[in-house]
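Commentary on secondary and tertiary structure
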Amino acid sequence: MNYKKINWSELKTFKETPKNYLNTDKFSEFLTRKKISVRKDNLPRFAFNHNIKIAKTKREGPAGSVPTIYKVPTKSKLEEIKKTMSLNNNNVLGKENVEKKERKILEIFDKAENKKESKSSIADKVAEVLGIPCNRKLVRRVLSEKRSSRLSKLL
């Protein structure tokens, strides 16, 4: 991806926060309620990467930074964000999916008859059941770590 830096001076400025915008704390809480985990200091990058509108409000007092507000995303946008985050193993959703895949791999391997399954067929079954992409490399890693003594069971 080609990342562009946010130009803070070009953001729209509001005197008061509109009703469909949330400040940083409330937006972070909103995402947490929707089971999307993002650090507060990473919210501007998160919003930019997922095309969530960002704006500024007038700050109170002469000191401090300009408060940032975020437009509340739609339900379909939230589902899209969850889907893209679930495909990346560097966040909470992605790590949960890897754990689900590992459990399912072991379950399918344990139920399989001798010489009936291959790493690719196990990966295909896991992807079909969970609806998440899975590959034979993950199957190989999981089986070599957890069931190395029984690998002769595979095709």
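This section reports on the structure supplied with the text. (Residues numbered from 1 in each chain as written. Predicted model: local features only at pLDDT ≥ 70, side-chain atom pairs only at ≥ 80, totals over all residues. Heavy atoms only, no water.)

1. Comments concerning the packing of helix H4 (residues 92-111) against helix H6 (residues 136-146)
As a reminder, the rule being used: In this analysis, axes come from line fits to C-alpha atoms, helices being fitted only over the stretch in contact, and the angle between any two N-to-C directions falls in the range 0 to 180 degrees. Starting at the N terminus, helices and strands are each numbered in turn, a helix being any DSSP run of H or I of at least four residues and a strand any DSSP run of E of at least two. Put simply, angles under 35 degrees are roughly parallel, angles over 145 are roughly antiparallel, angles from 65 to 115 are roughly perpendicular, and the rest are oblique. Each crossing gets its hand from how the near helix is turned against the far one by less than a right angle, where anticlockwise is left-handed and clockwise is right-handed. Every residue pair with non-hydrogen atoms within 4.5 Å of one another is taken to be in contact.
The N-to-C vectors of H4 and H6 enclose an angle of 70°; their axes lie 10 Å apart at closest approach. In terms of orientation, H4 lies roughly perpendicular with respect to H6. Read as a crossing pair, H4 and H6 show a hand that is right-handed. Here Val 98, Lys 101, Glu 102, Ile 105, Leu 106 and Phe 109 of H4 lie close against H6, whose contacting residues are Leu 138, Val 139, Arg 141, Val 142, Leu 143 and Lys 146.

2. Remarks on the packing of helix H5 (residues 119-130) against H6
The line we're drawing: Basically, the charged four are Asp, Glu, Lys and Arg, the nonpolar ten are Ala, Val, Leu, Ile, Met, Phe, Trp, Tyr, Cys and Pro, and anything else, Gly included, counts as polar.
At their nearest, the axes of H5 and H6 sit 8 Å apart, and the two run at 105° to each other. Taken together, the axes of H5 and H6 are roughly perpendicular relative to one another. The residues of H6 that touch H5, namely those facing Lys 119, Ser 120, Ile 122 and Ala 123, are Arg 136, Val 139, Arg 140 and Leu 143. Within the contact of H5 with H6, the residues separate by chemical class into four nonpolar, one polar and three charged.

3. Examining the pattern of salt bridges
Going by this rule: Any carboxyl oxygen of Asp or Glu that lies within 4 Å of a side-chain nitrogen of Lys or Arg is treated as forming a salt bridge with it. Relative accessible area decides the class of each residue, using a 1.4 Å probe on protein chains only: under 20% of the type maximum gives buried, over 50% gives exposed, and in between gives partly exposed.
Summed over the entire model, instances satisfying the criterion amount to nine salt bridges. A salt bridge links Arg 39 to Asp 41, with the shortest nitrogen-to-oxygen separation between them at 3.0 Å. By the burial criterion, Arg 39 is exposed, and Asp 41 matches it. For the salt bridge of Lys 104 with Glu 107, the shortest nitrogen-to-oxygen distance reads 3.2 Å. Here the residue Lys 104 and the residue Glu 107 both occupy positions in helix H4, the gap between them amounting to three residues, near one helical turn. On the basis of relative accessibility, which here comes to 18%, the residue Lys 104 falls in the buried class. Linked by salt bridges that have partners in common, Glu 102, Arg 141 and Glu 145 make up one network.

4. Comments concerning the nonpolar core
Quick note on the threshold: In these notes, a set of buried Ala, Val, Leu, Ile, Met, Phe, Trp, Tyr and Cys residues joined through side-chain atoms within 4.5 Å is what counts as a nonpolar core.
Phe 27, Leu 31, Ile 36 and Phe 46 are the most contacted members of the largest nonpolar core, which has 17 residues in total. Contributing elements (two or more residues each) for this core: helix H1 (24-33), helix H2 (43-49) and helix H3 (75-86).

5. Quick word on the environment of Arg 147
Position of Arg 147 among the secondary structure elements: in the segment after H6. Sequence spacing of Arg 147 and Val 92 is 55 residues, and the spatial spacing of their C-alpha atoms is 26 Å. In this structure, Arg 147 is in contact with Leu 106, Phe 109, Asp 110 and Val 142, ignoring residues within four places of it in sequence.

6. Things to note about the packing of aromatic side chains
Applicable threshold: Side-chain rings of Phe, Tyr and Trp (the six-membered ring for Trp) are treated as a pair once their centres are within 6.5 Å; stacked means planes under 30 degrees apart, edge-to-face means over 60, and tilted covers the remaining angles.
Taken as a whole and assessed by the stated rule, the structure comprises three aromatic pairs. On the numbers, 5.5 Å between centres and 55° between planes, the contact of Phe 14 with Tyr 21 is tilted. For the ring pair Phe 27 and Tyr 70, a centre distance of 4.8 Å and an interplane angle of 15° mean the geometry is stacked. Of this pair, Phe 27 sits in helix H1 while Tyr 70 is found in strand S4 (residues 68-71), placing the two residues 43 residues apart along the sequence. Here Phe 27 and Tyr 70 have matching classes, each one buried. Chaining the aromatic ring pairs together yields one cluster made of Phe 27, Phe 30 and Tyr 70.

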